[in-house]
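Each chain, written out:
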Amino acid sequence: MPELPEVETIRRGLEPLIVNKVFTRPVLLFPGSIRYPEPDRFCEQLEGRRIIALKRHGKYLLLELNCGLLAVHLRMTGRLVYLEKGGPPSGHLRVVLPFQDGSLLYFSDMRKFGGLWLLDNKEDLSPAGMHRLGPDIYEQVTEEEFLELLQKRPRSRLKPLLLDQFFVAGLGNIYVDESLHRCRLHPCREAGSLSREEGKALFRAIREVLEEGIRCGGTTSRDYRDARGEKGTFQEQLAVYGRKGSPCRCGTAIERIVVAGRGTYYCPRCQAEKRGDGRQ
DNA sequence: GCTTACCTGTCG
DNA sequence: CGACAGGTAAGC
């Protein structure tokens, strides 16, 4: 569920609430959410560590500690919520991370896909598989670099390419569909078939869509909540995602196809597939 | 590439 | 009941 704008919203909301707080011993209701190291060692090692800063790379939220790093990935249904006082709601509660001052963070996750990694060394992200991630599409890629990246994968179709976290990190199904619609590119266009202008338009569309997503506090189609448990509002701005059969702004009905195994929404008129000689 | 698997839930 | 769900890893 959460893509870059949702994770960034959580990061911004959480940072002022938890920086400088010190963890006490975690409570694991579902130890499977702890991905590294072993759950027992995770609990031992987290206790007493202080939060220095909150960072983000792609869809990973990174809590920098006085020693090491706590990485969190929410996958589809994960939530990371701060509570000043009181106990967390019992529904799908997986991990409770209490602080010394009595406040806490809780991680809930209906589908159990999400996870937490406690890394000893900020420089070695390999236990979380993060060392292979591409650059963060929002923070670490310029327009020129994006054009160069597209040229490296000329035969890849845009939709699977943009979803590939090893290509660029942060985009998911919603924001890819919205970005492609905004710059009027068909999801099955090959990266190498784009003109320079089309490549630039794609980059700008991605930037704009992510920017607006962040400004709206993310998209809540069902599960997503921010650091205080509140919903986002970008779902009200979606042009194509989840809108099969509804009219595009051009009046044509939005279609749903499957690309790379993912439901893909687009406007067959605005995003017409150019024909096969690869030049247009 | 594609498919399947991981899980649990909602919707038609 | 089957299809689908914002993500990703593994296995062809």
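All values reported here derive from a predicted model rather than from experimental measurement. (Residues numbered from 1 in each chain as written. Chains lettered and ligands numbered in written order. Predicted model: local features only at pLDDT ≥ 70, side-chain atom pairs only at ≥ 80, totals over all residues. Heavy atoms only, no water.)

**Q** I'd love a proper account of the pairing of strand β8 (residues 104–109), names of residues and values included.
**A** β8 sits mainly inside the fold: six of its six residues count as buried. The alternating pattern of β8 places L104, Y106 and S108 and L105, F107 and D109 on opposite faces, both of which are buried. Sheet topology note: the strand β6 (residues 78–83)/β8 ladder contains six bridges and is antiparallel. Bridge assignment links Y82 to a residue of β8, and that residue is L105. In terms of strand pairing, strand β7 (residues 93–98) meets β8 through five bridges, oriented antiparallel. Within β8, the position partnered with P98 by the bridge is L104. Once β7 ends, the chain turns through five residues before running back antiparallel as β8, passing G102 with a positive phi of about 95°. (Buried < 20%, exposed > 50% of the residue type's maximum accessible area, 1.4 Å probe, protein only. Helix = DSSP H or I, 4+ residues; strand = E, 2+ residues; numbered from the N terminus. Pairing = 2+ DSSP bridges.)

**Q** Help me get a handle on the protein's contact with DNA strand B, residues and values and all.
**A** The full set of residues close to DNA strand B is H92, M110, R111, K112, F113, S156, R157, R222 and A260. The share of sugar and phosphate among atoms of DNA strand B within 4 Å of the protein is 72%. Between a phosphate oxygen of DNA strand B and a side-chain N or O atom of R157, the distance comes to 3.0 Å. R222 has a polar side-chain atom sitting 3.1 Å from a sugar or linking oxygen of DNA strand B. Along the lines of polarity and charge, the residues of the surface near DNA strand B split into three nonpolar, two polar and four charged. (Near = heavy atom within 4 Å. Polar contact = N/O pair within 3.5 Å; in protein donor to acceptor, adjacent residues only side chain to side chain. Nonpolar A, V, L, I, M, F, W, Y, C, P; charged D, E, K, R; others polar.)

**Q** Lay out helix α6 (residues 196–215) with the relevant residues and their values.
**A** Because the α-helix completes a turn every 3.6 residues, residues three or four places apart line up on one side. Spanning 20 residues, α6 covers 29 Å between terminal C-alpha atoms, matching the ideal 28 Å at 1.5 Å per step. When α6 is considered as a whole, its buried residues turn out to be E198, G199, K200, L202, F203, A205, I206, V209, L210, G213 and I214. Where α6 is buried, its residues meet α1 (4–18), α3 (143–152), α4 (158–163) and α5 (173–182). Once α6 ends, the next one or two residues include G217, with phi positive near 70°. (Expected span 1.5 Å × (residues − 1). Contact = heavy atoms within 4.5 Å.)

**Q** Outline the confidence of the model for chain A, listing residues and values.
**A** Residue-level pLDDT values for chain A average 95, and 98% of them are 70 or greater. Counting contacts from residues 275–280, a segment whose pLDDT is below 50, to residues more than four positions away or on other chains yields four contacts. (pLDDT = per-residue confidence, 0-100.)

**Q** Tell me about the environment of G170, residues and numbers included.
**A** Relative to the elements of secondary structure, G170 occurs in the loop between α4 and α5. Sequence-wise, G170 and G261 are 91 residues apart; in three dimensions their C-alpha atoms are separated by 19 Å. Contacts of G170, omitting those with residues within four sequence positions, involve E3, L4, G58, K59, I137 and Q165.

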